[in-house]
Amino acid sequence: MTTETRLRIAMQKSGRLSDDTQSLLKRCGLKLNVSDRRLLAHVSNMPIDIMRVRSSDIPGLVMDGVCDLGIVGDNTLEEAALERQLMGSKSEYIKTSPLNFGGCRLSIAMPEEFNYQGVDSLNGLRFATTYPQLLKRFASQNGINVDFCMLNGSVEVAPRVGLADGICDLVSTGTTLEANGLKEVEIIFRSTASLIQTVEQLSPKKQSILNTILPRIQGVMKAKE
Ligand code: ATP
């Protein structure tokens, strides 16, 4: 059982999910000041601390029980869970609530001129990606072999510079792909942000804080629909 009395929530420090996450927490009545440089921000009106980190660190913090809750994209979550399973690290979590922001899809995109005839046309090719585990799972589910190179940013440029045949990257509108002469050929994973919880039993104090904020989170989500 986790012992501290303040509920600890991990959120993205800065990036695509941080504004929506911050505004969700504020609309739930949490008074927080995250404008300073501190990575651990105290909520002044409730026993809650907000830990502001890189997106990719959130799943591990929750799976290891360092944070009680986390708000993260399903793509990051699933990739981390697969990778941790492979490494034999803790990979369990509770999906407490889906959230209706951060919508995107993980897709395979190929140069415009590529003659795409179905998944088999991807067999033996090399892809630049930040999500190798999700790509490998897609390949094995579809009976193809793929190679990959890891890139943490500017993935779209890889085919043009000869680093890869195609890419496996997040897409929301498709304009970045288009601007880089790429076309989306397969959607391999659909994602939104989610609220996740550690599988470790929360102390009664923390559980009661969660019981207070969870209906508020769900209320805010409903109001946005
Ligand atoms: P960090 O910079 O915190 O390590 P990151 O590189 O994943 O993480 P962002 O690019 O801000 O940071 O993306 C955060 C999340 O936003 C993604 O994991 C995804 O869930 C969501 N997202 C929504 N739309 C897009 C998009 N078009 N491209 C990338 N991410 C998107």
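Residues numbered from 1 in each chain as written. Predicted model: local features only at pLDDT ≥ 70, side-chain atom pairs only at ≥ 80, totals over all residues.

Draft legend 1. Representation of the site of the ligand within the structure. Every one of the 16 residues lining the ligand counts as a neighbour, but Gly15, Ser55, Gly73, Cys104 and Ser172 are closest to it. Only helix H3 (74–87) and strand S9 (166–171) provide two or more residues apiece to the shell around the ligand. Of the residues contributing to the shell around the ligand, the split by class is four nonpolar, ten polar and two charged. Counting contributing residues, the shell around the ligand receives three or more from each of domain 1 (7–102 + 192–224) and domain 2 (104–191). (Near = placed C-beta within 6 Å. Helix = DSSP H or I, 4+ residues; strand = E, 2+ residues; numbered from the N terminus. Nonpolar A, V, L, I, M, F, W, Y, C, P; charged D, E, K, R; others polar. Domains from an automatic or database assignment.)

Draft legend 2. Examining the packing of H3 against helix H4 (residues 132–141) more closely. Direction vectors running N to C along H3 and H4 enclose 80°, while the axes themselves pass 8 Å from each other. Judged by the inter-axis angle, H3 sits roughly perpendicular to H4. Between H3 and H4, the contacting residues are Glu78, Glu79, Leu82 and Glu83 on the first element and Gln133, Leu134 and Arg137 on the second. Residue classes in the contact of H3 with H4 are distributed as two nonpolar, one polar and four charged. (Axes fitted to C-alpha atoms, helices over the stretch in contact; angles between N-to-C directions. Parallel < 35°, antiparallel > 145°, perpendicular 65-115°, else oblique. Contact = placed C-beta atoms within 7 Å.)

Draft legend 3. Broad picture of helix H1 (residues 18–27). Of all the positions in H1, only Thr21, Gln22, Leu24 and Leu25 are classed as buried. Viewed end-on, H1 has its buried residues packed into an arc of 160°, placing them on one side of the element. Relative to its buried face, H1 has exposed residues pointing more than 90 degrees away, namely Asp19 and Ser23. At its buried positions, H1 is contacted by strand S1 (7–12), strand S4 (69–73) and helix H6 (204–224). Just past H1, the residue Gly29 takes up positive phi, approximately 95°. (Buried ≥ 20, exposed ≤ 12 C-beta atoms within 10 Å, placed from the backbone. Arc of directions from axis to C-beta.)

Draft legend 4. How the structure looks around H3. Here H3 contains 14 residues, and its C-alpha end-to-end distance of 20 Å stays within 8% of the 20 Å for a straight helix at 1.5 Å per residue. Buried residues of H3: Asp74, Asn75, Thr76, Leu77, Glu79 and Ala80, and no others. Looking at the residues trailing H3, positive phi occurs at Gly88, about 75°. (Expected span 1.5 Å × (residues − 1).)

Draft legend 5. Quick look at unusual backbone geometry. Unlike most non-glycine residues, Ser154 shows phi in positive territory, near 50°. As for its placement among the helices and strands, Ser154 is situated in the loop between strand S8 (147–150) and S9. Note on Ser154: 11 C-beta atoms within 10 Å, which makes it exposed.

Draft legend 6. Fine view of the sheet that holds strand S6 (residues 104–111). One open sheet holds the five strands; their spatial order is S8-S7-S9-S6-S10, and the pairing between them is mixed. The open sheet has two edge strands with one neighbour each: S8 and strand S10 (182–191). Strand-to-strand, the axes of this sheet are offset by a mean angle of 30°, without reference to chain direction. Against the sheet, H3 contacts S6, S9 and S10, and its axis sits at roughly 75° relative to S10. (Pairing = 2+ DSSP bridges.)

Draft legend 7. Representation of the nonpolar core within the structure. Within the largest apolar cluster, 29 residues are counted, with the highest numbers of intra-cluster contacts made by Ile9, Ala10, Ile50, Val62, Leu69, Ile71 and Ile196. For this core, the elements supplying multiple residues, two or more each, are S1, H1, strand S3 (48–53), helix H2 (58–63), S4, H3, strand S11 (193–197) and H6. Per-element tally for this core: the top contributor is S1, with four residues. The contact partners of Ile50, leaving out residues within four places of it in the chain, are Ile9, Met11, Leu32, Val34, Ala41 and Val43. Ala109, Leu122, Leu134 and Val155 belong to the second-largest nonpolar core, a separate cluster that totals 20 residues. (Core = buried A, V, L, I, M, F, W, Y, C linked by C-beta atoms within 7 Å.)

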